[in-house]
Amino acid sequence: MMQPIRSLIFVPGNRAGMLERARSFDADVIMVDLEDSVPLGEKGNARDMAREWVPVLRDGGGGAGRRVMVRVNSLDTGLTRAELERVVAPGLYGVSLGKVESVRDVRTLDGLLSALEPAAGLEAGSLRIIPWIETAKAVWDARAIAEASPRVAAIAFGAEDFTNDMGIERSDGGDEVAVPRAMVPVAARAGEVGALDSPFVRFRDPDALRDDARRARRMGYTGKFAIHPAQLEIINETFSPSAEEIEYARRVVEAWDAAEAAGRGSLALDGRMIDVPVVKRAQNLLALADAIGQAG
Ligand code: GLV
Ligand code: MG
């Protein structure tokens, strides 16, 4: 199993103080942002700072599993190529592309990365892509976007841009995005990539964040973006199997092995019928726990 991405945190590329603080953030991915958290007049500065900070963030703190990515501006801004030319360098795990509209956008990005990798001393095809699914067109084509390049590691749902594109209001409860938000993990699964949920913007409300993240996990999301470091612990915990889940999965697998050895194809455990899909789910959970490194 690929190293999972449970948590990602945005750090604006033009803010030296925040980049410095990000060295100690406990996120699976630090996402240096050149897109919507950076004002237009600061785009050039942010690009230069991202170049400088990616290797620093890669090596400084955060544990072995930490990866650093850069979110670049969408292709229609005309900024993307110059940003990639600047930030593609050793230490970069990949690039996230805002406001993807089509398969062609991902293929264009793939081509730009392929052109830049050799001169940067990176292995061909090694940089990963996370496209943002945040327009009606992208939601509709999400599976094809997930499959548009072998570089795609996950697709991300962006509720703010999506509601903008639809011309609708954004609410705290999120009813207005319930359907597209549920579609993205299904498309991701069909395309065999991860699914990353939109950030939760009320960063001073940990209980509401926990509810929101749990809902996302139940829908099939494999991780979630943070916009504030205080959100990371809850996100990491929510997208990691709990000790109870691991314990139960181990019991299922053990009971199943014993039943199989006795020539039976189903069994009862704690008053529940256990059959093949339940066992597979338990095995997948143990594999995820193992990949996160907490199976102990
Ligand atoms: C994130 O980029 C969003 O638009 O919600
Ligand atoms: Mg967005």
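Everything here concerns the structure above.
Residues numbered from 1 in each chain as written. Chains lettered and ligands numbered in written order. Predicted model: local features only at pLDDT ≥ 70, side-chain atom pairs only at ≥ 80, totals over all residues. Heavy atoms only, no water.

1. Remarks on the site of ligand 1
Around ligand 1 lies a shell formed by Arg71, Trp132, Glu134, Gly158, Ala159, Glu160, Asp161 and Ser198. Here an oxygen atom of ligand 1 and a side-chain polar atom of Glu134 are 2.9 Å apart. Here an oxygen atom of ligand 1 and a backbone polar atom of Asp161 are 2.9 Å apart. In terms of residues, the shell around ligand 1 owes the most to one element, helix α7 (residues 159–166), which gives three residues. Its residues placed into classes, the shell around ligand 1 shows two nonpolar, two polar and four charged. (Near = heavy atom within 4 Å. Polar contact = N/O pair within 3.5 Å; in protein donor to acceptor, adjacent residues only side chain to side chain. Helix = DSSP H or I, 4+ residues; strand = E, 2+ residues; numbered from the N terminus. Nonpolar A, V, L, I, M, F, W, Y, C, P; charged D, E, K, R; others polar.)

2. Some points on the side chain of Thr80
Position of Thr80 among the secondary structure elements: in helix α3 (residues 80–87). Taking relative accessible area as the criterion, Thr80 reaches 2% and is therefore assigned buried. A distance of 3.2 Å separates a polar side-chain atom of Thr80 from the backbone oxygen of Ser74. Here Thr80 is in contact with Val72, Asn73, Ser74, Leu75 and Leu97, once residues within four sequence places are set aside. (Buried < 20%, exposed > 50% of the residue type's maximum accessible area, 1.4 Å probe, protein only. Contact = heavy atoms within 4.5 Å.)

3. A short note on the coordination of the magnesium ion (ligand 2)
Distances from the magnesium ion (ligand 2) to its protein donors, namely Glu134 (OE) and Asp161 (OD), fall within the range 2.0 to 2.2 Å. With a gap of 27 residues between them, Glu134 in the loop between β5 (128–133) and α5 (136–140) and Asp161 in helix α7 connect regions that are remote in the sequence. This pair shows no difference in class: Glu134 is buried, exactly as Asp161 is. (Donors = N, O, S within 2.8 Å, 3.2 Å for Na, K, Ca; no water.)

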